[in-house]
Amino acid sequence: MKIHVLRSMLAAVTLLAVLPATSASAHGNCALPVFGPGAGYHPRIVPSNFTSNVTNPWYPLKVRRSLIYAGVREGQSALDIVTTTPRTKLIDGVRSRVVSDRLYLYGILRERTSDYFAQDRCGNVWYFGEDTAELDTHGHIVSREGSFHAGVDSAQPGVFMQAHPQLGRKFRQEWYPDHAEDVFQVIAENTTVTVPLGTFRHALRTAETTRLEPDTLDNKFYVRGIGEVTEQALKGPTEALHLIAIIP
């Protein structure tokens, strides 16, 4: 009897050994893409692994909540209102949450964007695209540069925030060759950051770059339960936006 059980166990082990290494991923495990040359960047997306309800503590998207930022953008007085809407949009087969971003310069709406986010079953937040429009002072659209939808015209989704951020690991936040190529990495943990809304400890500090603007470098700080609390350009045009209010 014991010999029969031992043989059965050995057969099971042998079967596991010959199964393809990708089988676990095929059943829904969250394998994050390895950063590398853009030409080889094609993350495998299984729509059933995603939800539009983004609850990642470092980037929670609470429906109808608005984050209000104030500061400077392109050398001008700026107010940025970021609102998680109840709307969703199907992109690359994935039901994504629509986040509205409205940028005002000197009190005039100059840029409006709809960003699309989804969360995988492991808690990682992915960015599936955006529809953006730059406006002149009369409200006329002058550019839609940077708009993209994952799965259309070679565009691919990117990892926006890990469930458990890893220090130093790089990710593509978006990938639309020659149009949207932002890259980020966490460069510090447990940092202290002060914004008009208050002082926060244990924040994440990230660095963002893009091949399209090689002379720019942005730092962002994220706080658990809130998300981004400040953004500041260390290289490139003078830009700084700091969280001043959360509504409601």
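Note that this is a predicted model, so its numbers are computed, not measured. (Residues numbered from 1 in each chain as written. Predicted model: local features only at pLDDT ≥ 70, side-chain atom pairs only at ≥ 80, totals over all residues. Heavy atoms only, no water.)

## Comments concerning the side chain of Q156
Stage number 1. Relative to the elements of secondary structure, Q156 occurs in strand β9 (residues 156-161).
Stage number 2. For Q156, a relative accessible area of 14% corresponds to the buried category.
Stage number 3. A distance of 3.3 Å separates a polar atom in the side chain of Q156 from a polar atom in the side chain of H42.
Stage number 4. In contact with Q156, other than residues within four places in its own chain, are Y41, H42, P43, F148, A150, E174 and W175. (Helix = DSSP H or I, 4+ residues; strand = E, 2+ residues; numbered from the N terminus. Buried < 20%, exposed > 50% of the residue type's maximum accessible area, 1.4 Å probe, protein only. Polar contact = N/O pair within 3.5 Å; in protein donor to acceptor, adjacent residues only side chain to side chain. Contact = heavy atoms within 4.5 Å.)

## Some remarks on the nonpolar core
Stage number 1. By size, the foremost hydrophobic cluster in this structure holds 47 residues, and its most contacted members are Y59, F117, F128, V193 and V229.
Stage number 2. No other element matches strand β4 (residues 94-105), which puts 5 residues into this core.
Stage number 3. Setting aside its immediate chain neighbours within four residues, V193 contacts G198, T199, F200, A203, F221, V223, V229 and T230. (Core = buried A, V, L, I, M, F, W, Y, C linked by side-chain atoms within 4.5 Å.)

## Here's the deal with the environment of H42
Stage number 1. Checked against the element boundaries, H42 lands in the loop between α2 (23-26) and β1 (50-51).
Stage number 2. As a C-alpha pair, H42 and G151 span 109 residues in sequence and 9.9 Å in three-dimensional space.

## Some words on the pattern of salt bridges
Stage number 1. Scanning the model with the defined rule gives 5 salt bridges in all.
Stage number 2. Two residues, R73 and E239, come together in a salt bridge whose shortest N-O distance is 3.4 Å. Placement of the pair is R73 in strand β2 (residues 66-73) and E239 in strand β16 (residues 239-247), with a sequence separation of 166 residues.
Stage number 3. You can call E239 buried: its relative accessible area is 18%.
Stage number 4. Residue K220 is joined to E208 by a salt bridge in which the shortest nitrogen-to-oxygen separation is 3.3 Å. Placement of K220 in strand β14 (residues 217-223) and of E208 in strand β13 (residues 198-210) is noted, with a sequence separation of 12 residues between them. (Salt bridge = Lys/Arg side-chain N within 4 Å of Asp/Glu carboxyl O.)

## Some points on the state of the cysteines
By definition, a disulfide links two cysteine residues through a covalent bond between their sulfur atoms.
Stage number 1. Tallying each qualifying case throughout the model produces 1 disulfide.
Stage number 2. Shown here is the disulfide that connects C30 with C122, its sulfur atoms set 2.2 Å apart. Note on the C30 and C122 pair: the S-S dihedral is about 90 degrees, so by sign convention the disulfide is right-handed. Within this pair, whereas C30 is found in the loop between α2 and β1, its partner C122 is found in the loop between β5 (108-120) and β6 (125-135), the two being separated by 92 residues in sequence.
Stage number 3. A relative accessible area of 40% means that C122 is categorised as partly exposed. (Disulfide = S-S within 2.5 Å.)

## Comments concerning the pairing of β4
Stage number 1. Of all 12 residues in β4, 9 are buried; the element is thus mostly enclosed.
Stage number 2. Sheet topology places strand β3 (residues 76-91) next to β4; 11 bridges connect them, and they run antiparallel. Note that in β4 the partner of L90 across the bridge is R95.
Stage number 3. Joining the antiparallel neighbours β3 and β4 is a turn of 2 residues, in which D92 adopts a positive phi near 55 degrees.
Stage number 4. As paired strands, β4 and β5 are joined by 9 bridges and run antiparallel to one another. Its bridge partner being in β5, D101 is matched across the sheet by T113.
Stage number 5. Hairpin geometry of β4 and β5 is characterised by an intervening segment of 2 residues between the two adjacent antiparallel strands and by a positive phi of about 50 degrees at Y106. (Pairing = 2+ DSSP bridges.)

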